[in-house]
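Residue strings, one per chain:
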There are 2 protein chains.
Amino acid sequence: MEKVRDIVKEGMRVGNEDPRRIIHAFKVGLALVVVSSFYYYQPFGPFTDYFGINAMWAVMTVVVVFEFSVGATLGKGLNRGVATLVAGGLGIGAHQLARLSGTTVEPILLVMLVFVQAALSTFVRFFPWVKKKFDYAILIFILTFALISLSGFKDEEILDLAESRISTVVIGGLSCVFISIFVCPVWAGQDLHSLLASNFDTLAHFLQDFGDEYFEARVEAGDYKVVEKRGRNLDRFKSVLDSKSDEEALANYAEWEPPHGKFRFRHPWKQYLAVGALLRQCAYRIDALMNSYINSDFQIPMDIKMKLEEPLRRMSSESGKSMKEVSISLKKMTKSSTSDIHVVNSQSACKALSTLLKSGILNDVEPLQMISLLTTVSLLIDIVNLTEKISESVHELAYAARFKNMMRPTVYSDSGSIGRAMPIGSHEGDHVVTVLHDVDTSSNNVDNSLVESSQNSCHHVAIKIVDDHSNHEDGEIHIHTSLLEDVKRNDRLH
Amino acid sequence: MEKVRDIVKEGMRVGNEDPRRIIHAFKVGLALVVVSSFYYYQPFGPFTDYFGINAMWAVMTVVVVFEFSVGATLGKGLNRGVATLVAGGLGIGAHQLARLSGTTVEPILLVMLVFVQAALSTFVRFFPWVKKKFDYAILIFILTFALISLSGFKDEEILDLAESRISTVVIGGLSCVFISIFVCPVWAGQDLHSLLASNFDTLAHFLQDFGDEYFEARVEAGDYKVVEKRGRNLDRFKSVLDSKSDEEALANYAEWEPPHGKFRFRHPWKQYLAVGALLRQCAYRIDALMNSYINSDFQIPMDIKMKLEEPLRRMSSESGKSMKEVSISLKKMTKSSTSDIHVVNSQSACKALSTLLKSGILNDVEPLQMISLLTTVSLLIDIVNLTEKISESVHELAYAARFKNMMRPTVYSDSGSIGRAMPIGSHEGDHVVTVLHDVDTSSNNVDNSLVESSQNSCHHVAIKIVDDHSNHEDGEIHIHTSLLEDVKRNDRLH
């Protein structure tokens, strides 16, 4: 009784984790029913031997080919179908070749052919690219070739066997593929896409919280629950560390899938793996960060930590925000450069940090006390650098996948367009936008001193944007010349 | 032509990488030949229908069940055999149940039973422990149950079908298992064992070389080849980063394997995974180390680095030696405590480092310049701590696997045994051994002042040991009293 209850409980957990599993189970049942009904109501009627052999192959195909995702099902189905065809043809050829050599040599020759074919094919299965995509095809190839060339049938019977085997495989395979695609489909590509976005979310979450965590006073030793909860929250990033095999499997399946939803033909699934690998590297750094922060023997006093609080917090939170933006634009499948501005911000925080360190703020601190702090510094610098690489890699992905271009709204002053706005998050109630001068301003009669004053070609302007940025596609923002004066004054605000 | 040459070349590479693959290919061919000959020379003769159905199942079983390692083959064979038996029994039951309900309801009831069974079983496949070990059994269960309950045969025919299916599965499975075990067996357990030892080797190699690498002058920018070669050598550790899935698969297969070689029944394969996980953590640290060392924007001047050279070199090389010793004792399957002494040494180097840092050796250095150096320091401290954990974990493994106990040679002075020697590597031509006073010395008339002087209960003695330690099993080393005087004097040598 106890055991049954445990199993039911585990079943509920497994089902809750991903309800599509329950649907998948019903789909497999449905496919079996469809195929077996097909053979039940044949002209031969249910109670003939015919059901025995042919329905067997069809039922077997369904059970073996039907996988969780469309891509996996399609891949296995195609592997099985093509391999059956090719091996069937070659098997018949081998049979006829053997027949030419007379009845005594025939069986020996056939067995030898099967031996050579099986050994060669088995060896080919070790080739990495074969193992990755065509392992199942080779298995079915060995099987079908051996079955057809060893079966001691006469030629007509063999053609019959080959034909019925191929037709049953096709019927079984097609049922699987149709049910898999048209009844609540599970697309491996969509899953890969969501997995990547959720990995971005996880790391963004960690990085955005890390500052609070690091600079908050440590909890008293007795307060067990707080420590535990904190650990759980911050430990989520560990799932990213082990995501490699999942990502590879999904990308592998996704390549078999037809265009679906927002994913076109030849969607760059491989690029997802490249982005995923960079994210994983970032997770390795975070792992080291957590380790040096939690386990360090040389804990640094809070007052020394505090000296670097501002730039460290910004480095961490801005990289986090950049990842959050990437995650959002991935989910929407839009090209967005909002994340870039966070990358730039995190890099400028890096520079601020190095200025601060150069200023001698830590000169009185003992090196021993600095170990943990400077390790955090160095790992965060790594993370900022990786964030830039990740952002570039995502841009490549967006380009290759032809994501929708989310244009930044043009900013107009009374005297004409002065550039494009990129929101960089809300700041004291207002929205802060950066005006980039990528619009040719020379043709406009804009206050030239303004443009020249911004040598790094970007301003931070604090203006109120009423709507959300995402509604501004190709939109325009008009700001009053008086505001542009503010721009000049606030130029060094950030 | 070009393509064929490429494929042949790749075949050579795949074969050279692991020649057992070629043997495996021949073994699969052999198994097929054995099974098909068995059916060819039956009383029914080769050219009957009998071959058709039954030999099919046998051939299919061989092709599907024969895997690279014994464990995988055995696991699949058992899964297939047991699932066929159980599903066969239940299928016959379902058939008889349906027959009771009359001819009109019968097919509907049967199809419904198949539907429920397939859906339930498919769902159960998502349970993690089922997916890990019994996925194939459930697949075969669904298949056989559907085949037997849907086949429209009469009762005797069904018993016939069930019996022939079971016997062919058993014949095919047994051929695979026998050939897999008795013809050049590939043991997954042995592979896992070797993989772990080689991972230890890889990391040991890195750590032993890291000191040389880190403190050597950087190569000039132009010298491309040197940089490249160095990169290749130091990049080997990356294979450890991704070893998780391989280790898990091998451990999974190894659990199906019977005792073989030095591996007894219930060998603690799970503990290999625990050790492997710790090793991987160590590899993550090494990855961060390499990154901070190669990519750092703030390169530290060599003269500052040099100040910490001695302890840093020792921390790295002693952790490396400890791993090397673990790798050796794993390969020999002996309990050895030689690695412990290296752990102790690396920890004492840690202490020396912290003393050095406390002494204010870096007080004049700018914090900015220290970032990379202190990150290296912190990561090496991490690695030393991990090395201790790894060593403990390996001891647990050695205990659970009942490795042979490799006794340390007893050291005798003229006045009797004074303890056991543990070599800690050669030092200026001589072998340095540590004498541990785990032998009860109170009963001997040893110079007591000597024993008392060693408060941490271990000495370092520089004596010449002629043979290699490994030949000293339960051996004895006699040292002259005059040497013991040396011991006293050199007590603080290390």
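Because the structure is predicted, anything quoted here is derived from the model rather than measured. (Residues numbered from 1 in each chain as written. Chains lettered and ligands numbered in written order. Predicted model: local features only at pLDDT ≥ 70, side-chain atom pairs only at ≥ 80, totals over all residues. Heavy atoms only, no water.)

## Comments concerning empty space enclosed by the protein
Over the atoms, a rolling probe the size of a water molecule traces out where space has been left empty.
Residue and element names in this part refer to chain A.
Here is step 1 of the chain: Summed over the entire model, instances satisfying the criterion amount to 8 cavities of 30 Å³ or more.
Here is step 2 of the chain: Of the volumes computed, that of the second largest cavity is approximately 90 Å³.
Here is step 3 of the chain: Residue lining of the second largest cavity: Glu325, Val326, Ser329, Thr334, Lys335, Ser336, Ser339, Ser391, Val394, His395 and Ala398, and that is the complete set.
Here is step 4 of the chain: Contributions of two or more residues to the lining of the second largest cavity are made by helix 15 (309-332), strand 1 (334-335) and helix 17 (367-400).
Here is step 5 of the chain: In terms of residue count, the dominant contributor to the lining of the second largest cavity is helix 17 (4 residues).
Here is step 6 of the chain: Here the residues of the lining of the second largest cavity are counted per class, giving 3 nonpolar, 6 polar and 2 charged. (1 Å grid on protein atoms, 1.4 Å probe; cavity = no way out; pocket = protein on both sides within 12 Å on 5 of 7 lines; lining within 4 Å. Points joined across faces, edges and corners; volume = space filled by probe spheres on them. Helix = DSSP H or I, 4+ residues; strand = E, 2+ residues; numbered from the N terminus. Nonpolar A, V, L, I, M, F, W, Y, C, P; charged D, E, K, R; others polar.)

## With respect to unusual backbone geometry
Here is step 1 of the chain: Even without being glycine, methionine 333 of chain A reaches a positive phi, approximately 55°.
Here is step 2 of the chain: Along the chain, methionine 333 of chain A falls in the loop between helix 15 and strand 1.

## Side note on the interface of chain A and chain B
How big an interface is tends to be stated in terms of accessible area lost as the parts join.
Here is step 1 of the chain: Each partner contributes residues to the interface: chain A has 84 residues there, and chain B has 84 residues.
Here is step 2 of the chain: Taking both sides of the interface into account, the surface hidden between chain A and chain B amounts to around 7,700 Å²; carbon and sulfur atoms contribute 75%.
Here is step 3 of the chain: Summed over the shared surface of chain A and chain B, the result is 4 salt bridges.
Here is step 4 of the chain: Between aspartate 287 of chain B and arginine 285 of chain A there is a salt bridge, with the nearest N and O atoms lying 3.6 Å from each other.
Here is step 5 of the chain: On inspection of chain A and its partner chain B, the count reaches 6 residue pairs in polar contact (both at pLDDT 80 or more).
Here is step 6 of the chain: The biggest single contributor to the side of chain A that touches chain B is helix 2 (residues 20-40) of chain A, with 12 residues.
Here is step 7 of the chain: The residue makeup of the side of chain A that touches chain B, split by class, is 54 nonpolar, 16 polar and 14 charged. (Contact = heavy atoms within 4.5 Å. Buried area = accessible area lost by both parts, 1.4 Å probe. Salt bridge = Lys/Arg side-chain N within 4 Å of Asp/Glu carboxyl O. Polar contact = N/O pair within 3.5 Å; in protein donor to acceptor, adjacent residues only side chain to side chain.)

## A short note on the UniProt feature "transmembrane region" (unreviewed entry) in chain A
All names here are of chain A.
Here is step 1 of the chain: On the UniProt side, "transmembrane region" (unreviewed entry) is annotated at positions that read residues 21-41, 53-75, 108-127, 134-153 and 165-188 here.
Here is step 2 of the chain: Span residues 108-127 is 85% helix and 0% strand, its end C-alpha atoms 30 Å apart.
Here is step 3 of the chain: In residues 165-188, the share of helix is 79% and the share of strand is 0%. The end C-alpha atoms are 29 Å apart. (UniProt positions renumbered as here; feature names shortened; annotations may be inferred.)

## Looking at the nonpolar core
Here is step 1 of the chain: Residues Phe200 and Leu312 of chain A together with Phe200 and Leu312 of chain B are the most contacted members of the largest nonpolar core, which totals 132 residues.
Here is step 2 of the chain: Sequence-distant contacts of leucine 312 of chain A, that is, excluding residues within four places in its chain, are made with Tyr214, Phe215, Leu353, Leu373, Val377 and Leu380 of chain A.
Here is step 3 of the chain: Of all hydrophobic cores here, the second largest spans 94 residues; its members include Ala58 and Ile148 of chain A together with Phe126 and Leu139 of chain B. (Core = buried A, V, L, I, M, F, W, Y, C linked by side-chain atoms within 4.5 Å. Buried < 20%, exposed > 50% of the residue type's maximum accessible area, 1.4 Å probe, protein only.)

## Comments concerning a nonpolar patch on the surface
Residue and element names in this part refer to chain A.
Here is step 1 of the chain: On the surface, Leu30, Val34, Val170, Leu174, Phe178, Phe182 and Val183 cluster together into a nonpolar patch covering about 610 Å² of accessible area.
Here is step 2 of the chain: Secondary structure elements with two or more residues in the nonpolar patch: helix 2 and helix 8 (155-182).
Here is step 3 of the chain: Relative to the helices and strands, valine 34 resides in helix 2. (Patch = residues over 30% accessible without salt bridge, like charges linked within 9 Å, V, L, I, M, F, W, Y side chains within 5 Å. Areas by Shrake-Rupley, 256 points an atom, 1.4 Å probe, with all protein chains shown as cover.)

## Regarding the pattern of salt bridges
Here is step 1 of the chain: Counted by the stated rule, this structure contains 43 salt bridges over all chains.
Here is step 2 of the chain: The salt bridge involving aspartate 242 of chain A is made with lysine 244 of chain B; its shortest N-O contact spans 3.1 Å. Note that aspartate 242 of chain A is positioned in the loop between helix 11 (238-241) and helix 12 (244-254) and lysine 244 of chain B in helix 12 (residues 244-254), a pairing that runs across two chains.
Here is step 3 of the chain: In this structure aspartate 242 of chain A comes out as partly exposed when scored by relative accessible area, which is 37%.
Here is step 4 of the chain: Salt bridges sharing common partners tie together Glu10, Arg13, Glu17 and Arg21 of chain B.

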